[in-house]
Amino acid sequence: MSKILVTGGAGYIGSHTCVELIDAGHELLVIDNLSNSSIESLSRVEQITGKPVTFEQIDIRDARALNQLFDSHTFDAVIHFAGLKAVGESCELPLEYYHNNVSGTLNLCLTMKAHNCRNLVFSSSATVYGDPASLPIAENFPLSATNPYGRSKLIIEEMLGDLHRADSAWNILLLRYFNPAGAHPSGLIGEDPNGVPNNLLPYISQVAIGKLEQLRVFGGDYDTLDGTGVRDYIHVVDLAKGHLKALQKLQQQPGCKAYNLGVGNGYSVLQMVQAYANASGKKIPYQIVDRRPGDIASCYADASLAAQELGWSAELGLDEMVRDGWNWQQKNPDGFG
Ligand code: NAD
Ligand code: UFG
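Residues numbered from 1 in each chain as written. Chains lettered and ligands numbered in written order. Predicted model: local features only at pLDDT ≥ 70, side-chain atom pairs only at ≥ 80, totals over all residues. Heavy atoms only, no water.

Draft legend 1. How the structure looks around the pairing of strand β4 (residues 77-80). Every second residue of β4 is oriented toward a common face, with Ala77 and Ile79 on one face and Val78 and His80 on the other, all of them buried. When strand β1 (residues 3-7) meets β4, the two strands line up parallel, connected through 4 bridges. Within β4, the residue paired with valine 6 across the bridge is isoleucine 79. (Buried < 20%, exposed > 50% of the residue type's maximum accessible area, 1.4 Å probe, protein only. Helix = DSSP H or I, 4+ residues; strand = E, 2+ residues; numbered from the N terminus. Pairing = 2+ DSSP bridges.)

Draft legend 2. Summary view of the site of ligand 1. The environment of ligand 1 is formed by 28 residues, the closest being Ile13, Asp32, Asn36, Ser37 and Tyr149. Within the backbone of isoleucine 13, a nitrogen or oxygen atom sits 2.8 Å from an oxygen atom of ligand 1. Aspartate 32 places a polar side-chain atom, nitrogen or oxygen, 2.6 Å from an oxygen atom of ligand 1. Taken by itself ligand 1 offers 820 Å² of open surface, and the protein chains cover 95% of this. Put simply, the parts of the chain that give the shell around ligand 1 at least two residues each are α1 (12-23), β5 (119-125) and α6 (148-166). Here the shell around ligand 1 takes 3 residues from β5, the largest share from any one element. Here the residues of the shell around ligand 1 sort into 12 nonpolar, 11 polar and 5 charged. (Near = heavy atom within 4 Å. Polar contact = N/O pair within 3.5 Å; in protein donor to acceptor, adjacent residues only side chain to side chain. Areas by Shrake-Rupley, 256 points an atom, 1.4 Å probe, with all protein chains shown as cover. Nonpolar A, V, L, I, M, F, W, Y, C, P; charged D, E, K, R; others polar.)

Draft legend 3. Unusual backbone geometry, seen in detail. Across the junction of leucine 135 and proline 136, the peptide omega takes the value -5°, indicating a cis bond. Residue placement: proline 136 occurs in the loop between β5 and α6. A positive phi angle, near 60°, is found at asparagine 116, a position not held by glycine. Mapped onto the secondary structure, asparagine 116 falls in the loop between α5 (94-114) and β5. Given the relative accessible area of 60%, asparagine 116 is considered exposed.

Right under this line is the structure:
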């Protein structure tokens, strides 16, 4: 057992990871500024696990609060989810994104360094591969960014690489998530987007439940099996389990290393629509419209490095993702309320 600080732990991926960490016997402390989440998610984590969750409402940009926290606790490692993640919003509010994601992470690392905590798992994204020249995408592919959100992830990855080069006592795992989907099978926690969802599955869910009229499929003329965009959707519970493996890996003192967390194959938008319609028994009306600026045709992972070096691979498939996503949506039509 070890003591883990989880930043952004009230959010979608964070809350699912808290469940897995608690079930595996880790002691947690969660911080979050609740800018994109509800404290209710952590009550649900307590309900699922039957264990209390220690929470402090802290913004990672608040150096004083972070230092006080590290003064009163000794953490073996930090899992760092806290960040803003909406691509479109990042184009409108680039400074807010750099401030939150980059300055926040910088602040966190300075505090960790001052308190001699040098084990970090960072939530990166497949977006750091930009528009890849070929598929599947391996960790050694060239990196680039097409929007401020992606650039914030890239800057942080580079900063963390510099940190390890300067001081090899740091162990840092950069987990590049592909497209998280689904929810905990209990239906107690899941994705609860603010306003109209940007991402495909929450949007489809809200069409299925009747909150939104129809899906707009962004582009029907991509060079893919049916002309619609292909992504590597990964069940959020599988993703959460990847963090347990990452914590184990940190004990081997790996230095700074990046791993793809994806399934290793992709589904098109229309395949996702069909799968969701089957799982829910609902019609998902859709209309094919223009491509969304900045989107790429296809994106899926070469997931072999994580299998070899972390001993992790996805166990759940598309059926479980849509089944659990629909279960969450039905039980919580208004999210956490
Ligand atoms: P989320 O918004 O549900 O969770 C992020 C959490 O961080 C939220 O609870 C939010 O309130 C909190 N937060 C934001 N800024 C903060 C700050 N300054 N101080 C303290 N807390 C703060 O998002 P998620 O989907 O769970 O994503 C978690 C991480 O994974 C993010 O870093 C995101 O960029 C990354 N990621 C997400 C996806 C995805 O599609 N969901 C894909 C790749 C990477
Ligand atoms: N799509 C639609 N209609 C919608 C929403 C999405 O057709 O209403 C399509 C997109 O064009 C794309 C696919 O569904 O082909 C997936 O789109 P998402 O917005 O769900 O996901 P993205 O692949 O664009 O991006 C997501 C996160 C990024 C992250 C990336 C890789 O939003 O932050 O996955 O992890 F970087």
